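Report on the structure
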Amino acid sequence: MKLSTRYLGLELRNPLVMSASPLSSNMENLRACDEHGIGAVVFQSLFEEQIQNEMDMMLDKDDMYFWYPEAAELVKEITGDQMIRPYLKRIETAKKEVSMPVIASINCHSAGSWTAFAKQIEDAGADALELNIATHLPYEDEMDDRTIEQIQSDIVRAVKKQTSIPVAVKMGPYYTNIIRAARKLTDAGADGLVLFNRFYQPDIDIEKIALGSDNYMSAPEEMLQSLRWIGILSPQLTCDFAASTGIHSYEQVIKQLLAGATVTQICTTLYKRGFDYIPWILEDLRGWMKEKGYASVDEFRGIIADDRLSSPKFEQIQFIRKNTVLD
Ligand SMILES: Cc1cc2nc3c(=O)[nH]c(=O)nc-3n(C[C@H](O)[C@H](O)[C@H](O)COP(=O)(O)O)c2cc1C
């Protein structure tokens, strides 16, 4: 039974990817994921601001000491205390110690000079880079949809100029026209799209009468939003698709693959059930494939989205009266 999957040009042993979170921020967890058979892992994101700050510090020092023969050593020392070097070091160590592909991640919102950092990620050995650019919500009325799409595709173009490793974009669900936004990202060079990022959602505590939120973990029903859009987008765009948010079980993995996902990303379920859950999902996926007579994941990927009769149903947004259980 062949679970192996090609994602972003990388050979994955199966379509299960650990999504970006602090779970990937130590080697012990990365080794455990590898041993439990995950297909690939996405590192917790560095933030554009972190990268930019450290680069600016380097530049300031460089201005003062650029003529100094030890300048390069000095720059190394300065950055050694910060976030970037440990991040790069962890990529290097992971590449030596684990067999699964390692995908770096950057949370970003502009095509600034930080994009040069993509080359360092490549040099550290990352197999791919995921850009979380779901940070644009139009809070000002002059921020229109096309401006947001332009900023996002400019980021992809700038990053692609700096690196030759594959780049995926983790999108949010809020667009005036997701199809146009997705197409612009792939036109700009995105090799894959991750649908969707799960936003922090503010909530109100009525005891304290204050704003806050402890809603960090997803619920399984949240998966339906990406299922719809992967079903709609996968027949239209040639890039890879990673389904993310609300995938807690092997059934949901299968549904996303049937809708056209190349891989599925999991986070909350690993927090709740631990890495031991990975082989269970894979075993149940194999069991379902055996029962249905599929020898490989490629045989059934996208068959629901590609079916001309069922695919329009992904677009349906109104309940049809005679079908509702509330009648
Ligand atoms: C504690 C925590 C930290 C996260 N950190 C990141 C991050 O650094 N970068 C990122 O792109 N997504 C981050 N995410 C989002 C997850 O990668 C994922 O998209 C989201 O949790 C939805 O997937 P799930 O339903 O499987 O949890 C984080 C999620 C959690 C719960």
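Residues numbered from 1 in each chain as written. Predicted model: local features only at pLDDT ≥ 70, side-chain atom pairs only at ≥ 80, totals over all residues. Heavy atoms only, no water.

Note the cut-off: UniProt positions are given in the numbering used here, feature names are shortened, and annotations may be inferred rather than shown by experiment.
For the chain, an unreviewed UniProt entry supplies the name dihydrouracil dehydrogenase (NAD(+)) and the organism Natronogracilivirga saccharolytica. In its Function (unreviewed entry) section, the UniProt record describing the chain reads: "Involved in pyrimidine base degradation. Catalyzes physiologically the reduction of uracil to 5,6-dihydrouracil (DHU) by using NADH as a specific cosubstrate. It also catalyzes the reverse reaction and the reduction of thymine to 5,6-dihydrothymine (DHT)." According to its UniProt record, the chain has this under Cofactor (unreviewed entry): "FMN".

1. Quick notes on the site of the ligand
What counts is decided by this rule: Nearness here has a simple test: a residue counts as near a molecule or strand if at least one of its heavy atoms is within 4 Å of that partner. The term polar contact refers here to a pair of N or O atoms within 3.5 Å; inside protein, the definition further demands a hydrogen-donor-capable atom paired with an acceptor-capable atom, and it admits residues adjacent in sequence only when both atoms are side-chain atoms. For the area figures, the Shrake-Rupley method with a 1.4 Å probe applies, and any residue is considered shielded solely by the protein chains shown. Nonpolar residues are Ala, Val, Leu, Ile, Met, Phe, Trp, Tyr, Cys and Pro. Charged residues are Asp, Glu, Lys and Arg, and all others, Gly as well, are polar.
Contacts to the ligand come from 18 residues, most closely from Ala 20, Ser 45, Ser 218, Gly 246 and Thr 268. In the environment of the ligand, an oxygen atom lies 2.9 Å from a nitrogen or oxygen atom belonging to the side chain of Lys 170. Separating an oxygen atom of the ligand from a backbone N or O atom of Cys 267 is a distance of 2.9 Å. Burial of the ligand by the protein chains amounts to 87% of its free accessible area of 610 Å². Considering only residue class, the shell around the ligand consists of 6 nonpolar, 10 polar and 2 charged.

2. Considerations on the side chain of Thr 245
Under the convention used in this document: Here a helix means four or more residues in a row that DSSP labels H or I, a strand means two or more in a row labelled E, and each is numbered from the N terminus. Only protein chains enter the accessibility calculation, which uses a 1.4 Å probe. A residue is then buried if its area is under 20% of the maximum for its type, exposed if over 50%, and partly exposed in between. Whether two residues are in contact is decided by their heavy atoms, any of which lying within 4.5 Å being enough.
Summarising the element assignment, Thr 245 is placed in the loop between β12 (240-243) and α9 (250-259). Thr 245 gets classed as buried once you look at its relative accessible area, which sits at 14%. If we ignore the near neighbours within four places in the chain, the residues touching Thr 245 are Phe 196, Asn 197, Arg 198, Glu 222, Met 223 and Ser 226.

3. Here's the deal with the environment of Gln 120
Tracing the chain through its elements places Gln 120 in helix α5 (residues 117-124). For the pair Gln 120 and Ile 84, spaced 36 residues apart in sequence, the C-alpha to C-alpha distance is 9.7 Å.

4. A few points about a nonpolar patch on the surface
Note the following rule: Exposure above 30% relative accessible area and the absence of a salt bridge qualify a residue for a patch, where like charges join within 9 Å and nonpolar side chains (Val, Leu, Ile, Met, Phe, Trp, Tyr) within 5 Å. Note on definitions: salt bridges are taken to be side-chain nitrogens of Lys or Arg within 4 Å of carboxyl oxygens of Asp or Glu.
On the surface, a cluster of nonpolar side chains totalling about 450 Å² of accessible area is made up of Tyr 200, Tyr 216, Met 217 and Tyr 271. The partly exposed category is assigned to Tyr 271, whose relative accessible area is 37%.

5. A closer look at unusual backbone geometry
Here the residue pair Leu 195 and Phe 196 is connected by a cis peptide bond, since its omega of -5° sits within 30 degrees of zero. You can see Phe 196 is positioned in the loop between β9 (192-195) and β10 (203-205). Non-glycine residue Leu 8 carries a positive phi angle of around 55°. Residue position: Leu 8 is located in the loop between β1 (5-7) and β2 (10-12).

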